[in-house]
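# Overview (structure and organization)
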Amino acid sequence: MCCGGPAGRGITGGVKDYLPMDSFGAEGAAAYDDSPRGDEEHTVAFLAGLARGGPALELAIGTGRIALPLAARGVPVDGVDLSPEMVARLRAKPGGAGLRVVIGDMAQVPVEGRYPLVYLVFNTLFNLLTQDAQVRCFQGVAEHLTDDGVFVVEGFTPGYLHRLRDGQYVDAERIEGGRVTLDVGRHDPVAQLLDESHVHLTPQGIRLFPVVCRYVWPGELDLMARLAGLRLLNRWSGWQHEPFTAASRNCVSVYGR
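Residues numbered from 1 in each chain as written. Predicted model: local features only at pLDDT ≥ 70, side-chain atom pairs only at ≥ 80, totals over all residues. Heavy atoms only, no water.

## Examining the overall build of the protein chain
How we decide: Under the DSSP-based scheme used, a helix requires at least four consecutive residues in state H or I and a strand at least two consecutive residues in state E, with every element numbered from the N terminus. Relative accessibility thresholds used throughout: buried, under 20% of the residue-type maximum; exposed, over 50%; partly exposed, between the two (1.4 Å probe, protein chains only). Contact definition: two residues touch when any of their heavy atoms are within 4.5 Å. To measure how exposed things are, a 1.4 Å probe is used in the Shrake-Rupley method; for residues, cover is taken only from the protein chains shown.
Scanning the protein chain for helices and strands turns up seven helices and eleven strands. A buried classification covers 52% of the 257 residues belonging to the protein chain. Across the protein chain, every contact between residues at least 6 apart in sequence was considered, and the portion connecting residues at least 24 apart equals 61%. Element-wise, carbon and sulfur atoms account for 53% of the exposed surface of the protein chain, whose accessible area totals about 11,700 Å².

## Things to note about the packing of aromatic side chains
Geometry of an aromatic ring pair is reported as the spacing of the ring centres plus the angle between the planes. What counts here: Whether two aromatic rings pair depends on their centres lying within 6.5 Å, for rings of Phe, Tyr and Trp, where Trp uses its six-membered ring; planes under 30 degrees apart make the pair stacked, over 60 edge-to-face, and the rest tilted.
Within this structure, the stated rule accounts for seven aromatic pairs. Ring centres of F126 and F156 lie 5.2 Å apart, and the angle between their planes is 85 degrees; on these two criteria the pair is classed as edge-to-face. One end of the pair, F126, is in the loop between strand 4 (115-120) and helix 6 (131-144); the other, F156, is in strand 5 (residues 145-156), with 30 residues separating them in the sequence. Since its relative accessible area comes to 1%, F126 is described here as buried. Taken together, the ring pairs in this structure connect F126, F156, Y160, Y215 and W217 into an aromatic cluster.

## Focus on the packing of helix 6 against helix 7 (residues 218-227)
What counts here: Every axis corresponds to a line fitted to the C-alpha atoms, with the helix fit spanning only the stretch in contact, and the corresponding angles, defined between N-to-C directions, vary from 0 to 180 degrees. When describing relative orientation, an angle under 35 degrees is termed roughly parallel and one over 145 degrees roughly antiparallel, while 65 to 115 degrees is termed roughly perpendicular and anything else oblique. By convention the crossing between two helices is left-handed if the near helix lies anticlockwise of the far one by an angle smaller than a right angle, and right-handed if it lies clockwise.
Axis separation between helix 6 and helix 7 bottoms out at 8 Å; the angle between their running directions is 50 degrees. By the criterion of interaxial angle, the relationship of helix 6 to helix 7 is oblique. As for how helix 6 packs across helix 7, the hand of that crossing is right-handed. Contacts between helix 6 and helix 7 involve Q131, Q134, V135, F138 and Q139 from the first element and E220, L221, M224, A225 and L227 from the second.

## Notes on the pattern of salt bridges
Stated precisely, the cut-off is as follows: Each reported salt bridge corresponds to a side-chain nitrogen of Lys or Arg within 4 Å of a carboxyl oxygen of Asp or Glu.
Following the criterion strictly, the structure yields eight salt bridges and no others. One salt bridge in this structure joins D148 and R52, with 3.3 Å as the shortest N-O distance. Here D148 is found in strand 5, whereas its partner R52 is found in the loop between helix 3 (40-51) and strand 1 (56-59), with 96 residues between them in sequence. Owing to a relative accessible area of 46%, R52 belongs among the partly exposed residues under this scheme.

## A short note on the pairing of strand 7 (residues 179-188)
Every regular strand shows the same layout, with side chains that alternate between the two sheet faces. To be explicit about the condition: DSSP bridges decide pairing: two strands pair if at least two such bridges lie between them.
Burial of the side chains of strand 7 is restricted to one face: R179, T181, D183, G185 and H187 are buried, whereas none of V180, L182, V184, R186 and D188 on the reverse face is. As paired strands, strand 6 (residues 168-176) and strand 7 are joined by eight bridges and run antiparallel to one another. Within the sheet, the bridge partner assigned to E176 lies in strand 7 and is R179. Counting the residues that bridge the hairpin from strand 6 to strand 7 gives two residues. The loop that links strand 7 with its antiparallel partner strand 8 (residues 193-202) comprises four residues; one of these, Q192, has a positive phi angle of about 60 degrees.

## Overview of the environment of D78
For clarity, the cut-off: Side-chain atoms alone can form a polar contact between residues adjacent in sequence; in general such a contact is a pair of N or O atoms within 3.5 Å, and within protein one must be able to donate a hydrogen while the other accepts it.
Mapped onto the elements, D78 comes out in strand 2 (residues 77-81). Sequence-wise, D78 and R100 are 22 residues apart; in three dimensions their C-alpha atoms are separated by 4.9 Å. Residues within four places of D78 in sequence aside, it is in contact with A56, L57, E58, I61, R100 and Y115. Of note is the side chain of D78, whose polar atom sits 2.7 Å from the side chain of Y115.

Below, the structure is given as structure tokens:
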């Protein structure tokens, strides 16, 4: 949901010298809650049904858009995030000061203890920009799951990217009287990288919000889980248990032992 990957080096072959913290520093944190996806309530209900009272661990906890309402349902939630600015936003919200959050790399899962529920939502696994880092994340999660615990991963399905003309696009995300937001993207199918920038055009000027992700096909997710000693228990196309089909644009996977 927010930033969880290593911040110490740029990514070659994509956005030049990009660092994950470029997306989730002070400016990104200030704007993060301005555009909710709209399915947060269903996300929380889905996770609460798997938590069995908790505690739960959210990797890339961000501003707490999921963790805080889940905690309000009585599920204790811990978190990991790379961005102090995002976590500061969480702390400023009602209930945010009571959550245990570790500032660190989610690929390392730098926490103590075991959890019946660990989750990564809103494409956040894809913030880890190499396959090795994503595999390490699965392995770290497996070490912190209870014997009957589950790991929930949500991410988009990338089939649509392979239908782009010349591997790029420009979409109008938002058009208002005083503001236009464009989503500009470029796709590298070999590296499985999607370079994006959300471009905000206003009378006050232009603001750029870059983000790079390494997307993962569902079958690759399942193989990462197997390498960590986990297996696929269920897969849905949304948080209301919609069936997953070849036409699905989203993927919610539940893994356990």
